[in-house]
Amino acid sequence: MKRIGPFIVERRLAPPRHVVFGVSVLAVVVALLLAALVFWAYGVSPWRAYAEIGRGTLGTVDGLSDIVRRAIPLILCGVGLTLAFRAQFWNIGAEGQLLAGAVAASGVALFVPVPDGLRLPLMFLAGFGAGALWAVIPALLRVKLQVNEVISTLMMNYIMAYIVEWLVHGPWKGPTMRGFAYTDMFPTAARLPLIAGTRVHWPTLGVGVVAALVVGLILSRTRLGYEVRVVGQSPDAARYAGISFTVVLSLAMVISGGLAALAGVGEVAGIHWRLRSPSHISMGYGYTAIIVAWLARGSPIAAILTALLFGLIFAAGDLMKTTLGLPFQITGVFNGLILFSLISSDLLMYWRIRWRRRGEAWT
Amino acid sequence: MNMRKLVLVVAALTLVGLLGLGAEKIKAGFIYVGPIGDYGWTHAHDVARRIVDEKYDWLETVYIESVPEGEVETYIDQLVRQGCNVIFTTSFGFIDGTFAAAQRYPNVIFAHASGFKRAPNMATYMADFYQVYYLNGLMAGALTKTGKVGYVGAFPIPEVKRHISAFTIGVREVNPTAEVHVRWIYEWYNPAAAKEATEALIAEGCDVFAFTEDSPTVVQVAAERGLPSFGHYSPMYEFAPDYVVSGQLVHWEVIYDDFLVKIHEGIYTTRNLAHVDYWWLLAQGAVECAAVPAVVYCETACVSDTSCACCCGCCCEISPSMVVNPVYERALKDYTINHPAFGTISVYDLVFLRHNQFADPGITFDPFEGPVYDRKGNLVVPAGMWMSYDHLITMEWAAAGVAGPWPGEP
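Residues numbered from 1 in each chain as written. Chains lettered and ligands numbered in written order. Predicted model: local features only at pLDDT ≥ 70, side-chain atom pairs only at ≥ 80, totals over all residues.

**Looking at the overall build of chain A**
Okay, step 1: Within chain A, the secondary structure is distributed over 15 helices and three strands.
Okay, step 2: Over its C-alpha trace chain A gives a radius of gyration of 22 Å, about what one expects of a compact globule, namely 21 Å for 363 residues.
Okay, step 3: Expressed along its principal axes, the backbone C-alpha trace of chain A runs to roughly 80 × 60 × 30 Å.
Okay, step 4: Intrachain contacts of chain A at a sequence separation of at least 6 include 78% that bridge at least 24 residues. (Helix = DSSP H or I, 4+ residues; strand = E, 2+ residues; numbered from the N terminus. Rg over C-alpha atoms; globule rule 2.2 N^0.38 Å. Contact = placed C-beta atoms within 7 Å.)

So, in structure tokens, the structure goes:
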């Protein structure tokens, strides 16, 4: 507790829901006001900017479908991350796990002889497996050798990005691509169906929503979920209770990495239909998903909403580039402002300011 | 009778007026893969866009930068919604998105840079440097003292491989024992990696440099050690005036101008582009071998009747382009070889001789004129033959004289 003039600043242990919601909305409003200044300074009327953005994103079917399409990988990665974060396992590696899924799915799509009907399911399975395998390595390193997972998961992103780069420049370079670094196009049976008139690959969206529900159930209703929470909130209590860190962290990372990898499967099978340079497969979805999970406060269901929010922010950024003709750097500033205010608003949730009551003692 | 004539004249004028109105305005959208400030590929396309935009009243242009390859269709949708009737996509990775969009919007004209998929409403275009690299190679071969020329390559794809091989053939023509040492950085833009690669090549003993990367890093690093180099894509002379020998410059505006004017005149329509493929070289002026391009001064009020190649009204050339940096003129003139075709000739003269052969509309020479052997000793172009266009854009082999890794070498 701190005293500033007649005010008392004190810590809130568990902020009530309406505070969390109210403060978050306030943060977005503040960010929009700040961004309005940037627009104004750039010579674009903020009113017009927001009107165009609103109409282009929320006002048309194209705009809405674009939000959803961008949200799909964020939902899958974000949901997985909420589980890892609940165990206080700081998985920064969703980006690499996503790419691992994209690699495995591309391998199945291009090189594994299976009947057409089984190809897509097998791609999802192989993708999940590859992501799980990639994610379980840092979990084991942490439990067995006390390797800091922030570093190991982050570094493994680079390894996977270079593996993708090597594959498309080397053994998997497509003979029909005239020497450019892309694999051949996937056969039709390896492409995900889209919602007619949009680019939304609905099977991946469905998998994402189901995953959110299942992870929600795991966390609240199962022994694994309970153990994950105990490991996260009180490692000493967990150890005392005889909970195996190896099992709990490995399982949490298998699910977390597997789900991120499914996002990668969805991107290559639903959007690109080939493996290509890593920076074009994922526009940093694995990193953005960290914020998605963090804003969702560890709730997988809430991660769907925060993922959609980021889908909206991305789509708004695109629109600023096209309709308003702003340079891409302004898009970055806009996204950054929103992120910055959301993250710094955290302070307001956990601290409250109130008048000192008459006669109240300073403590 | 007079009345009748008058009516006819009025009718004719009205018709002309209607036709005139029919010649619609063109709104052209440009989709770039990188930022316009990259000092390379995207920057050059945007400079070209601004030139044609200023030149024609009937033309309006818009652009979108830093578009990820998988997102191109979304952006094309938005440009079409904004009323663009011509769309240029300027990265190979946009190929399938552009092709799909061309099917979806049969009334919009598309042009895709560096690709090979065409449709009745989709053309392809490319300004290629291989002749220029060959000319630069001639100079590099004369300037190297160690017999090792360094090359920092972006990606081992046919385009870059073609350029390195053409460069090497030039080096070897004047210096048969010299080698071109290659380092790949696997990025189009990465100054840090380019610096590292240049330093490694210097450590290997290379003393002249050429490269494919969208920044002046190689030029700067080489200049710090007092070593000459060749600028790439944009004019890089100003970054090291004493060390930039020459370079490869692009003029995309030449292609954009031709293409858009032909649309405006009704020569190109949404139904006849299936075979329109620009592969423009020195002869068409789409590329240039120079350290500094010509400075052209534009004047709306005409003072002389100099023919105009740029913007508004009249233009006068203030200074011609600097093909060879004067600092190196002496060295190139003093370096003479016994050439099988031209006898005793200085490299300086050889460069201009070859340059004229390329610039001649009926090109009389090609760097890959057979017999050409790859570095493994295989005959890749038979004697007396030139490479076909398909061979050029798919070539994976390395010319004799190239040293270093060559991913995908047959």
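**Side note on the sheet that holds strand β2 (residues 59-64) of chain B**
All names here are of chain B.
Okay, step 1: Strand order across the open sheet formed by six strands is β2-β1-β3-β4-β5-β11, with parallel pairing between neighbours. One side of each edge strand has no neighbouring strand; the edge strands of this open sheet are β2 and β11 (277-280). Recorded for the sheet is a direction-independent mean angle of 20 degrees between the axes of neighbouring strands.
Okay, step 2: Where strand β1 (residues 26-31) and strand β3 (residues 86-89) come together, four bridges link them in parallel fashion. Bridge assignment links F30 to a residue of β3, and that residue is F88.
Okay, step 3: In the packing of helix α2 (residues 41-55) onto the sheet, contacts are made with β1 and β2, and the angle to β2 comes to roughly 160 degrees. (Pairing = 2+ DSSP bridges. Axes fitted to C-alpha atoms, helices over the stretch in contact; angles between N-to-C directions.)

**Some remarks on the packing of helix α1 (residues 17-41) of chain A against helix α14 (residues 328-344) of chain A**
All names here are of chain A.
Okay, step 1: At their nearest, the axes of α1 and α14 sit 8 Å apart, and the two run at 150 degrees to each other. Classed by the angle they form, the pair α1 and α14 counts as roughly antiparallel. Note that α1 runs across α14; the crossing there is right-handed. From α1, S24, A27, V28, V30, A31, L34, A35 and V38 reach across to α14, where they touch I330, V333, F334, L337, I338, S341 and L342.
Okay, step 2: Among the residues forming the contact of α1 with α14, the class breakdown is 13 nonpolar, two polar and no charged. (Parallel < 35°, antiparallel > 145°, perpendicular 65-115°, else oblique. Left-handed = near helix turned anticlockwise from the far one by under 90°. Nonpolar A, V, L, I, M, F, W, Y, C, P; charged D, E, K, R; others polar.)

**Here we look at the environment of R183 of chain B**
Residues and elements named next belong to chain B.
Okay, step 1: Considering the arrangement of structural elements, one finds R183 in strand β7 (residues 179-184).
Okay, step 2: Of the residues examined, R183 has 21 C-beta atoms within 10 Å and is grouped as buried.
Okay, step 3: The spacing of R183 and F239 is 56 residues in sequence and 22 Å in space, taken between C-alpha atoms.
Okay, step 4: Leaving out residues up to four positions away in the same chain, R183 has contacts with V152, G153, A197, A200, L201 and G404. (Buried ≥ 20, exposed ≤ 12 C-beta atoms within 10 Å, placed from the backbone.)

**Considering the interface of chain B and chain A**
Okay, step 1: In this assembly, 27 residues from chain B lie in contact with 22 residues from chain A.
Okay, step 2: Elements with a minimum of two residues in the side of chain B that touches chain A: β2, α3 (72-81) and α12 (389-394) of chain B.
Okay, step 3: With six residues, α3 of chain B is the single largest residue contributor to the side of chain B that touches chain A.
Okay, step 4: Here the side of chain B that touches chain A is built from residues that sort into 15 nonpolar, seven polar and five charged.

**Some details on helix α7 (residues 191-203) of chain B**
Residue and element names in this part refer to chain B.
Okay, step 1: For α7, which comprises 13 residues, the first-to-last C-alpha distance of 18 Å matches the rise-based estimate of 18 Å (1.5 Å per residue) to within 8%.
Okay, step 2: Next to the buried residues of α7 lie β6 (148-153), β7, β8 (208-211) and α8 (217-224).
Okay, step 3: In the stretch just after α7, G205 is the one whose phi turns positive, near 105 degrees. (Expected span 1.5 Å × (residues − 1).)

**Description of the sheet that holds strand β3 (residues 351-355) of chain A**
All names here are of chain A.
Okay, step 1: Spatially, β1-β2-β3 is the arrangement adopted by the three strands of the open sheet, whose pairing is antiparallel. In the strand order of this sheet, the two ends are held by β1 (2-4) and β3, each with one partner. Between one strand axis and the next, the sheet turns through 30 degrees on average, direction left out of account.
Okay, step 2: Sheet topology places strand β2 (residues 7-11) next to β3; five bridges connect them, and they run antiparallel. Each bridged residue has a counterpart across the sheet, and for F7 the counterpart in β3 is W355.

**Some thoughts on the pairing of strand β9 (residues 229-233) of chain B**
All names here are of chain B.
Okay, step 1: For β9, a buried count of five out of five residues is recorded, marking the element as mostly surrounded by other parts of the structure.
Okay, step 2: As paired elements, β9 and strand β10 (residues 244-250) share five bridges and run parallel to each other. Bridge pairing in β10 places Y233 opposite L249.

**Remarks on unusual backbone geometry**
Residue and element names in this part refer to chain B.
Okay, step 1: With an omega of 0 degrees, the peptide bond running from G370 to P371 counts as cis.
Okay, step 2: Take P371: it is sitting in the loop between α11 (347-359) and β17 (372-373).
Okay, step 3: Here the phi dihedral of S66 falls at roughly 50 degrees; this positive angle occurs in a residue that is not glycine.
Okay, step 4: You can see S66 is positioned in the loop between β2 and α3.
Okay, step 5: Given 18 C-beta atoms within 10 Å, S66 falls into the partly exposed group.
Okay, step 6: With a phi close to 55 degrees, Y186 is a non-glycine residue in the positive phi region.
Okay, step 7: Looking at the element boundaries, Y186 is found in the loop between β7 and α7.

**Details of the domain arrangement of chain B**
All names here are of chain B.
Okay, step 1: Taken domain by domain, chain B consists of domain 1 (23-128 + 252-291) and domain 2 (130-247 + 319-403).
Okay, step 2: A separation of 29 Å is found between the C-alpha centroids of domain 1 and domain 2.
Okay, step 3: Contacts between domain 1 and domain 2 engage 17 residues on the former and 29 residues on the latter.
Okay, step 4: Broken down by secondary-structure element, the contributors of at least two residues to the side of domain 1 that touches domain 2 are α2 and β12 (287-289).
Okay, step 5: Here the side of domain 1 that touches domain 2 is composed, by residue class, of 11 nonpolar, three polar and three charged. (Domains from an automatic or database assignment.)

**Things to note about the pairing of β2 of chain B**
Each regular strand displays side chains that alternate between the two surfaces of the sheet.
All names here are of chain B.
Okay, step 1: Most of β2 sits inside the fold, with five of its six residues counted as buried.
Okay, step 2: Of the pairings in the sheet, the one linking β1 to β2 comprises six bridges and is parallel in character. Its bridge partner lying in β2, K27 is registered against E60.
Okay, step 3: Following the backbone out of β1, through α2 and into the adjacent parallel β2, one traces a crossover that is right-handed. (Right-handed = clockwise from strand over helix to strand, strands pointing away.)

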